[in-house]
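Notes for the structure review
Residue-level listing of the chains:
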Amino acid sequence: MPDVAQPSGTGPRPLRVAVVGAGPAGIYAAEALAAQDDVPVAVDLIDRLPTPFGLVRHGIAPDHRKMRALRETLHHTLDHERVRFVGNVEVGLDLSIAELRRHVDAVVYTYGAAGDRALGVPGEELPGSLAATDVVAWYCGHPDADRARVEEAVARARDVVVVGVGNVALDVARVLVRSPAELDPTEMPQHVLDALAAAPVERVTVLGRRGPAQATFTTQELRELGHLADATVLVDPADLTDPGDDALAAGDRHVARNLAVLHEYAAHTAEPGRPVVRLRFHARPVRLLGTDRVTGVEVERTTVDADGRATGTGELDVVPADLVVRSVGYRGHPLPGLPLDGGTVPHRAGRVLREGEISPGEYVAGWIKRGPTGVVGTNKHDARETVASLLADAATERLHTGGDPDDLVRALQARGAQPVLLADWRAIDAAEVALGATRGRDRTTLHERAALLAAVRAAAVPGVALDRGTADSTP
Ligand SMILES: Cc1cc2nc3c(=O)[nH]c(=O)nc-3n(C[C@H](O)[C@H](O)[C@H](O)COP(=O)(O)OP(=O)(O)OC[C@H]3O[C@@H](n4cnc5c(N)ncnc54)[C@H](O)[C@@H]3O)c2cc1C
């Protein structure tokens, strides 16, 4: 059993801080706290999952292997002597905010914004209509993924419509048409690789409500579509003729680069037997068609005004679809006992506001602070701002230290929780690497909570065989 003692700072009584969510924002907040020398600190980095890294593990596309390697940098903070990873503990479920606050001097909420946004059109609830959050969770091996629902839809997915033109929409489109050879080296669980290899995908239509100049995907993600081994990307040249787009491109290099790539794609032609990814702009979904399950999307052509607003023209057509994936943004959900306003926690420079007043000892960073925007690195600056506020408060009367000195982990264990600490996470890590090695991969994600916790148990009791949950976690 790993030592559960709280890491100590350099002084007799470190400032105790709990960070709720071990995604990038939480890890960067822990890093900023651990790296400073003004105040001795002891940080508990709590996550509801037995694994750290948030969307770096369960969001960034598995075929973006370099990007996912960011975990190695983030891991330095987990290894820091002032930081203790406390996984498998859900704040709001395993312990309330009030209970947590009794153990620490300050709490930094970094629990992300993992909820999906709806399209708000009829037919959205039909079988075969999924949120990108569902599909991404599934292909990344998130323990809470609704595997049966996603696999049922993927197995029938000849015609796919992805609604949205951000990077996540392109991730989903790309993963669905990647060849088995391209996906094989990734960390995807074997059952995901098998389901994607068997998926009958022939056409993926990506719908943008507005014009190509308003698309939010990055040029890098757009370019990547042009290098797929087994799929051709197409764009209708008619979507690229709006003189307003050229005017926007003249003043915005990002738009100019995107348009240049889209013009290249407009010269492509479909090849018989090769799947296509068609990027369509000025196309607003009006409703999803079908009775028992989705069969298509009724789309209305739009025009975009000078302020970038789309207006329907009344011109309708139908795109056939066996699978519709909406990728129109993420949304924060409430944590019991914490205010939420429009999907984010109200704050002033990272200090949580309750009824407009600063709530001493409570802070917020990352997506749940500023909304679901920006890349991983954006959370670093964001977390630093929050930690600067926290440390400034620690230097004044505003942050009262004291409270219940009982150790948080011991208290959790006493009430029957099974916190996963750093050594336990290392056991999971080793089990994933070992599982991957059986197929010549760097790692294979363990996708079930039972399998993750079994890896912890197996390491704690040498000689006990690794129970991997159900058989499909095995190679
Ligand atoms: C599909 C997708 C792909 C992306 N791809 C890229 C990319 O390629 N490159 C890039 O730079 N950025 C990418 N991003 C953006 C990047 O992932 C985010 O900027 C970043 O993860 C946000 O960090 P966060 O810590 O605020 O939230 P998260 O990463 O969501 O972390 C929140 C953590 O809180 C935990 N948690 C939630 N509720 C509780 C609770 N009640 N108690 C305890 N813990 C809790 C969660 O388990 C999670 O670990 C992508 C985002 C998505 C959605």
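Nothing here was measured: the structure is a model prediction, and the numbers come from that model.

Basis of the calculations
- Residues numbered from 1 in each chain as written.
- Predicted model: local features only at pLDDT ≥ 70, side-chain atom pairs only at ≥ 80, totals over all residues.
- Heavy atoms only, no water.
- Helix = DSSP H or I, 4+ residues; strand = E, 2+ residues; numbered from the N terminus.
- Rg over C-alpha atoms; globule rule 2.2 N^0.38 Å.
- Buried < 20%, exposed > 50% of the residue type's maximum accessible area, 1.4 Å probe, protein only.
- Areas by Shrake-Rupley, 256 points an atom, 1.4 Å probe, with all protein chains shown as cover.
- Lys, Arg positive; Asp, Glu negative; His and termini not counted.
- Charge placed at Lys NZ, Arg CZ, Asp CG, Glu CD.
- 1 Å grid on protein atoms, 1.4 Å probe; cavity = no way out; pocket = protein on both sides within 12 Å on 5 of 7 lines; lining within 4 Å.
- Points joined across faces, edges and corners; volume = space filled by probe spheres on them.
- Nonpolar A, V, L, I, M, F, W, Y, C, P; charged D, E, K, R; others polar.
- Contact = heavy atoms within 4.5 Å.
- Near = heavy atom within 4 Å.
- Polar contact = N/O pair within 3.5 Å; in protein donor to acceptor, adjacent residues only side chain to side chain.
- Domains from an automatic or database assignment.
- UniProt positions renumbered as here; feature names shortened; annotations may be inferred.
- Phe/Tyr/Trp six-rings, centres within 6.5 Å; stacked < 30°, edge-to-face > 60°.
- Expected span 1.5 Å × (residues − 1).
- Arc of directions from axis to C-beta.
- Pairing = 2+ DSSP bridges.
- Axes fitted to C-alpha atoms, helices over the stretch in contact; angles between N-to-C directions.

Let's shift gears to the overall build of the protein. Tallying secondary structure elements over the protein gives 18 helices and 18 strands in all. For 475 residues, the compact-globule estimate of 2.2 N^0.38 gives 23 Å, and the protein sits close to it at 24 Å. Counting only C-alpha atoms, the protein reaches 70 × 55 × 40 Å along its principal axes. Sorting the 475 residues of the protein into buried and exposed places 54% on the buried side. When the accessible surface of the protein is split by element, carbon and sulfur atoms take 52% of a total near 20000 Å². Taken as two groups, the 52 positive and 66 negative side-chain charges of the protein have centres that lie 1 Å from each other.

This brings us to the layout of surface pockets. Over the atoms rolls a probe the size of a water molecule, and its path tells where empty space is left. Space inside the second largest pocket adds up to approximately 290 Å³. Looking at the second largest pocket, it is lined by 15 residues, and the ones nearest its centre are Ala 69, Arg 71, Glu 72, Glu 187 and Arg 443. Of the residues belonging to the lining of the second largest pocket, the class tally is 5 nonpolar, 2 polar and 8 charged.

This paragraph deals with the environment of Thr 219. Mapped onto the elements of the fold, Thr 219 is located in helix H11 (residues 219–225). On the accessibility criterion, Thr 219 (7% relative accessible area) is buried. For the pair Thr 219 and Arg 257, spaced 38 residues apart in the sequence, the C-alpha separation amounts to 6.5 Å. If we skip the residues at most four places from it in the chain, Thr 219 touches His 254, Arg 257, Asn 258 and Val 261.

Below, the discussion takes up the site of the ligand. Contacts to the ligand come from 30 residues, most closely from Ala 25, Asp 47, Leu 55, Trp 367 and Val 376. A distance of 3.5 Å separates an oxygen atom of the ligand from a polar atom in the backbone of Gly 374. One nitrogen or oxygen atom from the main chain of Val 376 is found 2.8 Å from an oxygen atom belonging to the ligand. Summarising the interface, the protein chains cover 92% of the accessible area of the ligand, which totals 1000 Å² for the free molecule. Counting only elements with at least two residues in the shell around the ligand, the list comes to helix H1 (24–35) and helix H8 (167–177). In terms of residue class, the shell around the ligand is made up of 17 nonpolar, 9 polar and 4 charged. Counting only domains with at least three residues in the shell around the ligand, you end up with domain 1 (15–114 + 332–420) and domain 2 (117–328).

As annotated in UniProt, the feature "binding site: FAD" (unreviewed entry) corresponds to Ala 25, Leu 55, Val 91 and Trp 367 in the numbering used here. Mapped onto the fold, Leu 55 is located in helix H2 (residues 55–58). Among the residues examined, Leu 55 registers a relative accessible area of 34% and is labelled partly exposed. Ignoring anything within four residues of it in the chain, the contact list for Leu 55 reads Ile 60 and Trp 367. With respect to the helices and strands, the residue Val 91 is situated in the loop between strand E3 (83–86) and helix H5 (97–103). The contacts of Val 91, once residues within four sequence positions are left out, are Val 20, Ile 46, Ile 97, Leu 100 and Leu 335.

Enumeration over the complete set of coordinates arrives at 2 aromatic pairs. Ring geometry for Phe 53 and Trp 425: centres 5.9 Å apart, planes at 80°, overall edge-to-face. A residue pair is termed long-range when its members are at least 10 positions apart, and Phe 53 in the loop between strand E2 (41–46) and H2 and Trp 425 in helix H17 (residues 422–437) qualify at 372 residues. Trp 425 matches Phe 53 in its accessibility class, with the two residues each being buried.

Every α-helical turn comprises 3.6 residues, leaving residues that sit three or four positions apart pointing alike. Compared with the 20 Å implied by 1.5 Å per residue over 14 residues, the 20 Å span of helix H13 (residues 253–266) between its first and last C-alpha is a close match. Buried residues of H13: Val 255, Asn 258, Leu 259, Val 261, Leu 262, Tyr 265 and Ala 266, and no others. An end-on view of H13 places all buried positions within 165° of arc, on one side of the element. The exposed set on the far side of H13, more than 90 degrees from its buried face, consists of Arg 253 and Glu 264. Check the buried side of H13 and you find it contacts H11, strand E9 (232–235), helix H12 (243–250) and strand E10 (276–280). If you check the start of H13, you find a side-chain oxygen 2.9 Å away from the backbone N of His 254, and it comes from Asp 252.

Our next topic: the UniProt feature "domain: FAD/NAD(P)-binding" (unreviewed entry) in the protein. Within this numbering scheme, the UniProt entry marks residues 16–180 as carrying the feature "domain: FAD/NAD(P)-binding" (unreviewed entry). Each end of residues 16–180 is marked by a C-alpha atom, and these two atoms are 48 Å apart; helix forms 40% of the span and strand 18%.

Take the sheet that holds strand E13 (residues 310–320) next. One open sheet accounts for 3 strands, arranged E11-E12-E13; its pairing is antiparallel. Every other strand in the sheet has two partners, leaving strand E11 (283–289) and E13 as the edge strands with one partner each. Averaged over all pairs of adjacent strands, the angle between their axes in this sheet comes to 25°, without regard to strand direction. Pairing of strand E12 (residues 296–304) with E13 involves 8 bridges; the strand directions are antiparallel. Paired with Val 299 across the two strands is Asp 317, which belongs to E13.

Positive phi outside glycine occurs at Ala 349, with the angle close to 50°. One can find Ala 349 in the loop between strand E16 (347–348) and strand E17 (351–354). The exposure class of Ala 349 is partly exposed, given its relative accessible area of 30%. The phi angle at Glu 355 is positive, at roughly 50°, despite the residue not being glycine. We classify Glu 355 as exposed; its relative accessible area is 84%.

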